[in-house]
Amino acid sequence: MATEGRSMLDLVYVLGTLAFFTLMLAYVRACAALGRVESRNVERSAADLP
Amino acid sequence: MTLNGWLQILVYCLCVLLVAKPLGIYLVRVYDGSLTWLGPIERAVYRVCGVDATEDQHWTRYAGGMLLFSVASMLLTYLVLRLQAVLPLNPQHLAAVPDRQAFETSASFTTNTNWQSYGGESVMSYFSQMTQLAFHNFVSAAVGIAVAVAFVRGIARKSAGRVGNFWVDLTRGTLYVLLPMSIILALMFVQQGVIQNFRPYADVVTLEGAKQAIAMGPVASQEAIKQLGTNGGGFFNANAAHPFENPTPWSNFWSMFAIFMIPSALTYLLGRMVRNQKHGWAVWTAMFVLFVGGVSTAYWAEARGNPIHAARGVDLATSATNPGGNMEGKEVRFGIANSALYATITTDASCGAVNSMHDSFTPLGGLVPLANIQLGEVVFGGVGAGLYGMLVMVVLTVFIAGLMVGRTPEYLGKKIQAREIQMAMLYVLIFPAAILTMSAISALLPAGLQGLNNAGPHGLSEILYAFSSTAANNGSAFAGLTGTTYYYNTMLGLNTLIGRFAMMVPMLALAGFLAEKRIVPESAGTFPVTTPLFVVLLVSVVVIVGALTFFPALALGPVVEHLLMGAGKLF
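None of these values were measured; they are calculated from a predicted model.

J.: Explanation requested: the overall build of chain B in the structure shown.
T.: Helix and strand counts for chain B come out as 19 helices and six strands. Its C-alpha atoms give chain B a radius of gyration of 23 Å, within 12% of the compact-globule value 25 Å for 571 residues.

This is the structure in structure tokens:
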């Protein structure tokens, strides 16, 4: 039982690590998307200028 | 304080100044690809790893490569630490590293933190130390420099968001910078008496007749990259206070110098790559001003000593036979000046190696390393991390200057607009959010309080230091906090990951956004980033951002402890 518990914790740490880095990859995409939106906003506000 | 102490600090400062240009020029040649003396090895690495060295990567691809490399190397380390009992080079037959410590250690070394909740000599086999921990010492440092160089490229060029090639930067940084410098420094350490062997531990009988195991190992090679890469994880539990790791005043000086060599040179690289050398020196000067402020305060506080000791008859005056001041937790062979200097350097940079016990510093002396870490370690800083952290502060400085004069801020010809500031603010806010949230949770939960060995404000300082140190990827410990629990191993390991990657991503995004912009010529309204006014404003922004964020927590920790010490109370 104790060994099984230990293996489970190993699994938790490994899966937790993978989840964290997956989240970071999503974070990269989110930052890129935010940059594109803001870039369009800047272009639009520049185009509004007389 | 003594003249001798000040002279040693002055000599150190001169060395940090003098190394900036020659090493900076070398770094520029490494990262612009013009240096090729290790070309055959470099090309072999690319061939084996399937790297297209000619690819100029968009910042998202650069960040993706950095994340994938980090997760793969972290999981490999976790596996090796869990299996070390059945792996070679384990003459002491050390058991597998417990799961919680394997997670924390693999996260910590992958992120250049090197927070250690274990004694290296009693937990890690030679195999684990050499193939995993030393490996991360090299590559985590190379990743930091790579990201800083990518950021500088973002400022310097107009390239549709392309900031270089992560795999090339990683390989060249390791091969041309860290490996050769480490070999030279390791030989210098061996000459000074740092050990380098694979022998089993020596069993000796002490003068009192007790048996004692003297730990051995390949220390010099790990010590060199530990300092150069601002990693800080000691081979031994006592880190640079151990006589086999830091035996002489010379080894102590080389250790301190190695920490600041690359960060100092990176400011020169900045100036050279953006074709504005004065700007590089202005950033260097701002870092230097903050460094001098820190080391002066720490030296003054420690040389002044503890007034309660004086009231009880301890002689705090310096003489030929008495170092005076507060010598608690300090090695007599290094004294107060070199302990205060080491503590300031190691926390200005994200190194974390220690030659004295920060927990035993006076409250104000201990506040200096804590505040250095909380300023974001931008004072020369960790290799790469210090420069890109400071460049975020530069972006904020020109933004504030632009607001003051009512113009769109520009940084070296690049307009700073909403998305750049959003990324800069992510960088600035994630750091305190991680530290303060986790510290607050730990100060409330029984699992967090169980690890404390000191009550009152000193206990709070210990918790705050642990989370500040791990989030900033420093790795030094204030000590006094028992970190070998499931709670602390997991929380601190997670904190190192957040402090590294959740901050590197917006940093690379900022680099990519800047790289997309065209360079506009300077005009009369451009805020100059080469003048003393810029240096003053930059230093002010660093201090004000740090103070606004952390002063309330510091007030409850070291500041109130200092006031209570004046009233005769110790913790």
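J.: What am I meant to see in the interface of chain B and chain A here?
T.: On the chain A side, the residues contacting the 22 residues of chain B number 20 residues. Among the elements of the structure, α3 (59-82), α4 (99-110), α15 (418-444) and α18 (486-516) of chain B are those that each provide at least two residues to the side of chain B that touches chain A. Classifying every residue of the side of chain B that touches chain A gives 15 nonpolar, four polar and three charged.

J.: Just to check I follow, could you spell out the packing of helix α10 (residues 277-304) of chain B against helix α19 (residues 532-566) of chain B for this structure?
T.: Two numbers describe a pair of packed helices, the interaxial angle and the distance between the axes. Residues and elements named next belong to chain B. Look at α10 against α19: their axes get within 9 Å of each other, and the N-to-C directions meet at 50°. Our classification of the angle between α10 and α19 gives oblique. Our pair here, α10 against α19, has a crossing hand that is right-handed. Note on element contacts: α19 touches α10 through F534, V535, L538, V539 and V542, opposite A282, T285, A286, V289 and L290.

J.: Help me understand the pairing of strand β3 (residues 202-205) of chain B in this model?
T.: Consecutive residues of a regular strand have side chains that alternate between opposite faces of the sheet. Residues and elements named next belong to chain B. Summarising the sheet, β3 and strand β4 (residues 211-214) pair through four bridges and their orientation is antiparallel. If you follow A202 over to β4, its bridge partner there is I214. What sits between β3 and β4 in their antiparallel hairpin is a turn of five residues, with G209 showing a positive phi close to 95°.

J.: How should unusual backbone geometry be read in this particular structure?
T.: Peptide bonds are trans in most cases, and residues, glycine excluded, mostly fall at negative phi. Residue and element names in this part refer to chain B. Look at N112: it is not a glycine, yet its phi comes out positive at around 70°. Note that N112 resides in the loop between α4 and α5 (120-123). On the basis of neighbour count, N112 is assigned to the buried category, with 32 C-beta atoms found within 10 Å. Located in the positive-phi region is N114, a residue other than glycine, with phi close to 60°. Tracing the sequence through the fold places N114 in the loop between α4 and α5.

J.: Quick question: what am I supposed to make of the nonpolar core here?
T.: Proteins that are soluble and globular tend to have nonpolar side chains buried together. The biggest cluster of nonpolar side chains holds 189 residues, and the ones touching the most others in it are V147, V505, M507 and L508 of chain B. When residues in this core are grouped by element, the largest group, 18 residues, is from α18 of chain B.

J.: Even after reading the chapter, I still don't get the confidence of the model for chain B, so can you show me in this structure?
T.: Detailed reading of the predicted coordinates is not advisable wherever pLDDT is low. On average, chain B scores 92 in pLDDT, and the residues at 70 or more come to 100%. Across the assembled chains, the prediction reports ipTM 0.89 with pTM 0.91.

J.: I would appreciate a short explanation of the environment of I145 of chain B in the present structure.
T.: All names here are of chain B. Position of I145 among the secondary structure elements: in helix α6 (residues 126-156). With 30 C-beta atoms counted inside 10 Å, the residue I145 sits in the buried group. Sequence separation of I145 and V383 is 238 residues, and the distance between their C-alpha atoms is 5.7 Å. Leave out the neighbours within four places in its chain, and I145 touches G173, V383 and G384.

What counts, and at which threshold
- Residues numbered from 1 in each chain as written.
- Chains lettered and ligands numbered in written order.
- Predicted model: local features only at pLDDT ≥ 70, side-chain atom pairs only at ≥ 80, totals over all residues.
- Helix = DSSP H or I, 4+ residues; strand = E, 2+ residues; numbered from the N terminus.
- Rg over C-alpha atoms; globule rule 2.2 N^0.38 Å.
- Contact = placed C-beta atoms within 7 Å.
- Nonpolar A, V, L, I, M, F, W, Y, C, P; charged D, E, K, R; others polar.
- Axes fitted to C-alpha atoms, helices over the stretch in contact; angles between N-to-C directions.
- Parallel < 35°, antiparallel > 145°, perpendicular 65-115°, else oblique.
- Left-handed = near helix turned anticlockwise from the far one by under 90°.
- Pairing = 2+ DSSP bridges.
- Buried ≥ 20, exposed ≤ 12 C-beta atoms within 10 Å, placed from the backbone.
- Core = buried A, V, L, I, M, F, W, Y, C linked by C-beta atoms within 7 Å.
- pLDDT = per-residue confidence, 0-100.

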